[in-house]
Amino acid sequence: MTSEARRRQARGKRRMEQLLDAAAVVFGECGYTRASTNAIAREAGVSPGTLYQFFPNKEAIAVQLGERLMRQMLEAHGQVFTDANVSLPLDEMLDAILDPIIEFNLRNPAFLALIHGSDAPGEIASDKEVLHAILQRQVEETVALRAPDLPHDECVRVATTAFAVFRAGLCLAMQYQEPERAAYTVEVKAALARYLAPVIGTEARAVRRWDSGAGVSAAGRTGPVARGVRR
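Quick caveat, the model's predicted, so the values are computed rather than measured.

J.: Please set out the nonpolar core residue by residue, giving values where relevant.
T.: Judged by nonpolar contacts, the single largest core of 60 residues is most densely connected at Phe-27, Ile-40, Ile-61, Leu-65, Leu-94, Phe-111 and Phe-166. The set of elements that each furnish at least two residues to this core consists of α1 (3–34), α2 (37–44), α4 (58–78), α6 (90–107), α7 (109–115), α8 (122–146), α9 (152–173) and α10 (180–200). The residues touching Ile-61, leaving out its near neighbours within four places in the chain, are Leu-20, Ala-23, Phe-27, Thr-37, Ile-40, Leu-51 and Phe-55.

J.: Can you tell me about the packing of aromatic side chains, naming the residues and giving the values?
T.: Inspection of every chain in the model, using the stated rule, returns three aromatic pairs. Ring centres 4.5 Å apart and planes at 20° place the aromatic pair Tyr-176 and Tyr-184 in the stacked group. Take Tyr-176: its relative accessible area is 29%, and that puts it in the partly exposed class. Over the ring of Tyr-32 we find Lys-58, and its NZ or CZ is 4.4 Å from the ring centre. Over the ring of Phe-163 we find Arg-167; its NZ or CZ atom is 5.5 Å from the centre of that ring.

J.: Kindly report on empty space enclosed by the protein, identifying the contributing residues and their values.
T.: Empty space among the atoms becomes apparent when a probe as large as a water molecule is rolled across them. Inspection of every chain in the model, using the stated rule, returns four cavities of 30 Å³ or more. In this structure, the largest cavity occupies an estimated 220 Å³ of space. Listed by contribution, the elements that provide at least two residues to the lining of the largest cavity are α6, α8, α9 and α10. Here the residues of the lining of the largest cavity are counted per class, giving 15 nonpolar, two polar and no charged. Here the second largest cavity defines a volume of roughly 90 Å³. If you trace the second largest cavity, you find 13 residues lining it, with Met-73, His-116, Leu-135, Phe-163 and Arg-167 closest to the centre. Counting only elements with at least two residues in the lining of the second largest cavity, the list comes to α4, α6, α8 and α9. Broken down by element, the lining of the second largest cavity gets its largest block of residues, four residues, from α9. Of the residues that constitute the lining of the second largest cavity, the class distribution is eight nonpolar, four polar and one charged.

J.: I'd like to hear about the pattern of salt bridges, residue by residue, with values.
T.: Taken as a whole, this structure holds five salt bridges when the rule is applied. Salt-bridge contacts for Asp-99 lead to Lys-189; the nearest nitrogen and oxygen are separated by 2.5 Å. Of this pair, Asp-99 sits in helix α6 while Lys-189 sits in helix α10, and the two are 90 residues apart along the sequence. For Lys-189, a relative accessible area of 16% corresponds to the buried category. One salt-bridge network, in which partners are shared between bridges, spans Glu-17, Asp-21 and Arg-68.

J.: Account for α6, naming residues and giving values.
T.: Taking 1.5 Å per residue as the helical rise, α6 with its 18 residues ought to reach 26 Å, and the 26 Å between its terminal C-alpha atoms agrees with that figure. Along α6, the helix axis deviates most sharply at Leu-98, where the bend reaches about 30°; the proline Pro-100 sits within four residues downstream. For α6, the set of buried residues is Leu-90, Met-93, Leu-94, Ile-97, Leu-98, Ile-101, Ile-102, Phe-104 and Asn-105. Residues of α6 that are buried make contact with α4, α5 (83–86), α7, α8, α9 and α10.

Parameters and conventions
Residues numbered from 1 in each chain as written. Predicted model: local features only at pLDDT ≥ 70, side-chain atom pairs only at ≥ 80, totals over all residues. Heavy atoms only, no water. Core = buried A, V, L, I, M, F, W, Y, C linked by side-chain atoms within 4.5 Å. Buried < 20%, exposed > 50% of the residue type's maximum accessible area, 1.4 Å probe, protein only. Helix = DSSP H or I, 4+ residues; strand = E, 2+ residues; numbered from the N terminus. Contact = heavy atoms within 4.5 Å. Phe/Tyr/Trp six-rings, centres within 6.5 Å; stacked < 30°, edge-to-face > 60°. Lys NZ or Arg CZ within 6 Å of the ring centre and 35° of its normal. 1 Å grid on protein atoms, 1.4 Å probe; cavity = no way out; pocket = protein on both sides within 12 Å on 5 of 7 lines; lining within 4 Å. Points joined across faces, edges and corners; volume = space filled by probe spheres on them. Nonpolar A, V, L, I, M, F, W, Y, C, P; charged D, E, K, R; others polar. Salt bridge = Lys/Arg side-chain N within 4 Å of Asp/Glu carboxyl O. Expected span 1.5 Å × (residues − 1). Bend = angle between axes of the 7 residues up to and from the residue.

Structure follows, in structure tokens:
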């Protein structure tokens, strides 16, 4: 590839990112259905014709933006479901795990509009199911690490319920501005703490994992296995 071709490629990539950034603003403000390619082009400071050089329609923009946001969300989740956080007292554990997730949603209102919206394109809906399955598995493993004697079926039920409560609570809190949003966030954490405390305890617990190629995780899938917890 010539140097000129590399420069054109770099310019094209920057323009595409510019359009995705603009789409994030428009989707976050208007939702998917009310958003338009004209509004996205206007937000990006380009003509609609320039936009169509990179994306054939609004759905294609939404799908690519959704993929970018989900990738960023998974990276954020990977930094919060750590042994150190899972070992904390329950209230501190909830703060350490949930606060970065809530902050991500606050910084990226388009994430809620696309990932949690009912009007998003079907491809995004499929990706959302994959995302939720990954997060569900992480919650299951967290429960199993703190309550290793809990039967697997009960672990799955507890994790599924806790995850559903958080998702519903997050959507509720995001409907409000501060200080009401913060107040609802406190209520969601309190509800989760009351539900989880009898199952996983409230005190700090030192957890440890070990990997086994033939092992099945606490969530019932191949991968890390929750084997022990010390009070």
